[in-house]
Amino acid sequence: FDGTLGTLPFDLALGFTDVRHGMDNFALRSAPVSTAQYRYSYAEAQTMTGQARLGLGPLRVGFDGATVDRLVTITNPTNAAFSITSLNRVRQWRLGAFAEVEQQVGGWRADLGVRIDRHHGEMAAPTIGAAVPAMIANLALASAAANAPRDDTTWDAVARLWRDEGTLRPRLVLARKTRVPNAVERFSWLPTEASGGLADGNIYIGRQSLRPEVSWSAEGGIDVVTGPITVRPSLFYRQVDGYVQGTAVPATMPLQIAIAAMNGDPTPLIATNVDAKLYGADADLTWQIAPQLRLDGTVSYVNGSRRDVADALYRIAPLNGRLALTWEAADWSVTAEGVGAARQDRVSATNGEAPSPGWVVANLWFSARLGPVLSLSGGIENLFDRRYADHLAGRNRVLLSDVAVGEKLPAPGRGLFIWLGIDL
């Protein structure tokens with residue numbers, strides 16, 4: 001809803017999402033030799049969201065919130081007595097209030113915002129079937145005994161200042177931002193390869209006592225606008241207290257280590273609060289070389305380090321960028337683009353992270369207007385069919401694949417696409 005409440009601007013948004021997902025190790029992969037190793041994992045999540053916002057002149061105030069219910073069950077479809085709820089009815093909710101204001105002071109504009117949130121998370125005690133090995137059953141009992149609801153209160157604030165006219169347009173952003181650990185990081189008691197998206201082949205477990213991440217950040221830059229050239233360099237620094245990263249499971253958790261070792265990883269990781277800092281720079285460029293010829297480019301660099309020990313942060317993207325040259329006529333255009341990343345050898349020794357080589361690929365794009373309502377566009381990605389893997393790519397864990405187990409998944413090879421557009 002977008003309208004008024006009395007005479008004041010008012011908007012309201014409500015949302016609901018229901019996701020159900022199943023995956024197995026036998027239908028599309030080479031099936032295990034023994035049916036005792038068959039696995040089917042079922043996951044579901046229901047999310048409800050809501051937000052109400054009221055305008056009071058330049059000030060906007062509002063409330064928002066969300067609830068998420070999750071369930072993950074691991075089964076053996078050939079044995080009804082085998083089942084493990086690795087995430088059993090996890091419920092997380094958040095309720096927040098916020099205020100934001102936009103002001104114009106002389107040639108400067110400012111966005112200011114603040115919010116406070118109350119978070120709650122809980123999980124039902126894990127359940128297991130009669131056919132589950134005793135080691136996992138004992139871990140489930142221990143996890144049930146230590147299970148408890150978790151509550152957090154967080155606050156965030158941001159101040160953004162900038163000028164949007166003149167040859168030199170400075171900008172500055174100061175912020176305090178927080179992040180509450182997700183369900184996998186906090187409630188995953190069973191050592192598995194579920195990692196919340198890392199897909200790095202390591203076995204992880206969660207930690208219910210995790211604190212929210214608290215990030216203090218500053219970003220400054222300047223837009224240089226001189227006729228045909230626009231350059232936007234920026235510098236940033238971010239200090240994160242309680243950064244969530246996997247660290248070695250301590251020797252005081254021998255049961256978890258033993259279960260992980262049975263599954264092929266004798267050095268599992270546990271979600272841990274560490275102290276971190278990230279700093280770097282990025283920039284983008286647009287240069288209208290001639291009426292029909294334009295050069296666009298971006299570059300980004302991030303350095304991530306732990307502050308509690310002398311080590312790099314895990315899985316930080318290397319120096320990367322793109323450069324594109326476009327010829328644009330009245331009814332058609334063509335672009336040649338280069339995209340690449342430098343070698344990443346600043347890697348985490350704590351996590352046994354391996355360096356990655358650099359890479360460069362070329363792409364070609366085109367678009368054409370075929371008539372009043374028809375347009376055609378397309379291109380060739382990875383023109384020279386270079387084989388490479390991004391530093392942040394996941395690792396393969398499927399047997400009998402043309403990618404070795406544990407090897408990084410390669411980026412797509414040469415690809416061609418065509419798109420036909422109809423403007424009605």
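Residues numbered from 1 in each chain as written. Predicted model: local features only at pLDDT ≥ 70, side-chain atom pairs only at ≥ 80, totals over all residues. Heavy atoms only, no water.

Engineer: Give a detailed account of the overall build of the chain, specifying residues and quantitative values.
Structural biologist: Along its length, the chain carries three helices and 18 strands. C-alpha extents for the chain along the principal axes are approximately 75 × 60 × 55 Å. Of all 424 residues assigned to the chain, the portion counted as buried reaches 36%. A separation of at least 24 residues holds for 61% of the contacts in the chain among residues at least 6 apart in sequence. Carbon together with sulfur atoms contributes 62% to the accessible area of the chain, which is approximately 23000 Å² in total. (Helix = DSSP H or I, 4+ residues; strand = E, 2+ residues; numbered from the N terminus. Buried < 20%, exposed > 50% of the residue type's maximum accessible area, 1.4 Å probe, protein only. Contact = heavy atoms within 4.5 Å. Areas by Shrake-Rupley, 256 points an atom, 1.4 Å probe, with all protein chains shown as cover.)

Engineer: Explain the layout of surface pockets to me, and be specific about the residues and the numbers.
Structural biologist: Gaps between atoms show up when a probe of the same size as a water molecule is rolled over them. Quantified by volume, the second largest pocket comes out at close to 400 Å³. Around the second largest pocket, the lining is made up of 20 residues, and of these Glu185, Ser195, Leu198, Val244 and Gln245 lie nearest the centre. Mapped by element, the contributors of at least two residues to the lining of the second largest pocket are helix H2 (183-187), strand E9 (204-205) and strand E11 (229-248). The element that contributes the greatest number of residues to the lining of the second largest pocket is E11, accounting for four residues. (1 Å grid on protein atoms, 1.4 Å probe; cavity = no way out; pocket = protein on both sides within 12 Å on 5 of 7 lines; lining within 4 Å. Points joined across faces, edges and corners; volume = space filled by probe spheres on them.)

Engineer: Can you tell me about the nonpolar core, naming the residues and giving the values?
Structural biologist: If you look at the biggest cluster of nonpolar residues, it comprises 15 residues, and the most contacted ones within it are Ile84, Val90, Met123, Ile136, Trp189 and Leu190. Those elements giving two or more residues to this core turn out to be strand E5 (79-105), helix H1 (134-146) and H2. Broken down by element, the residue count for this core peaks at four residues, all from E5. Not counting chain neighbours up to four residues away, the residues in contact with Trp189 comprise Ile84, Thr85, Ser86, Met123, Pro126, Ile136, Leu139, Ala140, Ser143 and Ile205. Judged by nonpolar contacts, the second largest core, of seven residues, contains Val240, Val274, Ala276 and Ile316. (Core = buried A, V, L, I, M, F, W, Y, C linked by side-chain atoms within 4.5 Å.)

Engineer: Tell me what's going on with the packing of aromatic side chains, and back it up with residues and numbers.
Structural biologist: Counted under the stated rule, the structure contains five aromatic pairs. Aromatic side chains Phe26 and Tyr38 sit 4.9 Å apart centroid to centroid with 20° between the ring planes, which places their arrangement in the stacked category. Of this pair, Phe26 sits in the loop between strand E2 (8-24) and strand E3 (40-56) while Tyr38 sits in the loop between E2 and E3, placing them 12 residues apart in sequence. Overall, Phe26 belongs to the partly exposed group, its relative accessible area being 24%. Residue class for Tyr38 comes out buried when judged on its relative accessible area of 17%. Relative to Trp216, the ring of Trp155 has its centre 6.2 Å away and its plane inclined at 80°; by these criteria the two rings are edge-to-face. Of this pair, Trp155 sits in strand E7 (residues 150-162) while Trp216 sits in strand E10 (residues 213-226); the two residues are 61 residues apart in sequence, bridging distant segments of the chain. Under the relative-accessibility criterion, Trp155 is labelled partly exposed at 40%. The partly exposed category is assigned to Trp216, whose relative accessible area is 42%. (Phe/Tyr/Trp six-rings, centres within 6.5 Å; stacked < 30°, edge-to-face > 60°.)

Engineer: Describe the pattern of salt bridges, naming the residues involved and giving the relevant values.
Structural biologist: All told, the structure shown has 28 salt bridges when counted by the stated rule. Its salt-bridge partner being Arg115, residue Asp64 comes within 2.7 Å of it at the nearest N-O pair. In this pair, Asp64 is assigned in strand E4 (residues 59-76) and Arg115 in strand E6 (residues 108-122), connecting sequence segments 51 residues apart. Residue Arg115 is classed as partly exposed on the basis of its relative accessible area of 22%. The network of salt bridges with common partners includes Asp11, Arg53, Arg60 and Glu100. (Salt bridge = Lys/Arg side-chain N within 4 Å of Asp/Glu carboxyl O.)

Engineer: An account of the packing of H1 against helix H3 (residues 254-262) is needed here, citing residue identities and associated values.
Structural biologist: Two measures define how a pair of helices packs: the angle their axes make with one another and the distance between the axes. Close contact between H1 and H3 brings their axes to 10 Å; oriented N to C, the two are set at 140°. Regarding H1 and H3, the two cross each other, and that crossing is left-handed. Taking contact as the criterion, the partners of Met135, Ile136, Asn138 and Leu139 in H1 are, on H3, Leu255, Gln256, Ala258, Ile259 and Met262. The residue inventory of the contact of H1 with H3, partitioned by class, reads seven nonpolar, two polar and no charged. (Axes fitted to C-alpha atoms, helices over the stretch in contact; angles between N-to-C directions. Left-handed = near helix turned anticlockwise from the far one by under 90°. Nonpolar A, V, L, I, M, F, W, Y, C, P; charged D, E, K, R; others polar.)

Engineer: How would you summarise the side chain of Gln46 if you had to cite specific residues and measurements?
Structural biologist: Summarising the element assignment, Gln46 is placed in strand E3. A relative accessible area of 17% places Gln46 in the buried class. Polar side-chain contacts of Gln46 include one of 3.4 Å to the side chain of Glu44. Look past the residues within four positions of Gln46 in its chain and what remains in contact with it is Phe16, Thr17, Asp18, Arg20, Thr67, Val68 and Asp69. (Polar contact = N/O pair within 3.5 Å; in protein donor to acceptor, adjacent residues only side chain to side chain.)

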